[in-house]
Amino acid sequence: MTKVRVAGFSISLDGFGAGPEQSLENPLGKRGLELHQWFFGTRTFRTITGQGGGSDGVDEDFAHRSMDGFGAFILGRNMFGPIRGPWPDKNWKGWWGDNPPYHAPTFVLTHHSRDPIEMEGGTTFIFVTEGIEAALNQAKLAARDRDVKIGGGVETVRQYLRAGVIDELHFALSPVVLGRGEAMFAGIDLPALGYRVTEHQATEQATHIVLNR
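Here is a short report on the structure shown in this document. For clarity, every value in this text was computed on a predicted model and none was experimentally measured.

Definitions and limits used
- Residues numbered from 1 in each chain as written.
- Predicted model: local features only at pLDDT ≥ 70, side-chain atom pairs only at ≥ 80, totals over all residues.
- Heavy atoms only, no water.
- 1 Å grid on protein atoms, 1.4 Å probe; cavity = no way out; pocket = protein on both sides within 12 Å on 5 of 7 lines; lining within 4 Å.
- Points joined across faces, edges and corners; volume = space filled by probe spheres on them.
- Helix = DSSP H or I, 4+ residues; strand = E, 2+ residues; numbered from the N terminus.
- Nonpolar A, V, L, I, M, F, W, Y, C, P; charged D, E, K, R; others polar.
- Salt bridge = Lys/Arg side-chain N within 4 Å of Asp/Glu carboxyl O.
- Buried < 20%, exposed > 50% of the residue type's maximum accessible area, 1.4 Å probe, protein only.

## Structural notes on empty space enclosed by the protein
For step 1, the next point in the chain: Applying the stated criterion across every chain yields a total of 1 cavity of 30 Å³ or more.
For step 2, the next point in the chain: Volume-wise, the largest cavity comes out at about 40 Å³.
For step 3, the next point in the chain: Every residue lining the largest cavity is listed: R5, V6, A7, F62, R65, S66, E168 and H170.
For step 4, the next point in the chain: For the lining of the largest cavity, the elements supplying multiple residues, two or more each, are β1 (4–11), α3 (58–67) and β8 (168–173).
For step 5, the next point in the chain: Class assignment of the residues belonging to the lining of the largest cavity gives a composition of 3 nonpolar, 2 polar and 3 charged.

Following this line, the structure appears as structure tokens:
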């Protein structure tokens, strides 16, 4: 059965999932890259980016799980790019170059319609203007019994949490304090939503926490 999961989502010690002031130069906001140091050295990341080598161990286990078993992805528009408002042209095709790391149908939440974009490696970006439920219904159909990943950003995860449709959450708690940015848990009562911690492991780079309902 298809599960809806958040996986490999890095947050700071003070609860921010991205830094402030996202831009072309700072896709994850200022200092946002600091949250993902646990991921960058893993074999999974280095494979995705066309490099060799990389670490094994706990961080690699969670990195692999964060990209494995998904038949479709859902992204907020900020995760797709820094452009706001109507699409000015068809030039922007995401942060990742010609071969994005998804290799599956990837549904982008937006208020402005756009034709699907077929990329190398099996990724197709499909733009959904009808809201989070419509995107999830389309993603579940596209996933063909594999899981659906809510890939972010922060507000997209929060919307799906409030809707009560996420089955499993994996957060990588990084030893970083940002002070400001996009807060993941503000106004979110995880126990009231039915979540409990089912797994936790710590490394030098992060503490990995899995919650299930």
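Next comes the rest of the write-up.
## A short note on the pattern of salt bridges
For step 1, the next point in the chain: Per the stated rule, a full pass over the model turns up 11 salt bridges.
For step 2, the next point in the chain: With a shortest N-O distance of 3.5 Å, E21 and R180 are connected by a salt bridge. With E21 in the loop between β2 (16–18) and α1 (37–40) and R180 in the loop between β8 and β9 (182–183), this residue pair connects regions lying 159 residues apart in the sequence.
For step 3, the next point in the chain: Judged by relative accessible area, which is 48%, R180 ranks as partly exposed.
For step 4, the next point in the chain: When salt bridges that share partners are traced, they join R5, D147 and E168 into one network.

It is worth stressing that arrangement in space is one thing and function is another; only the former is reported here.
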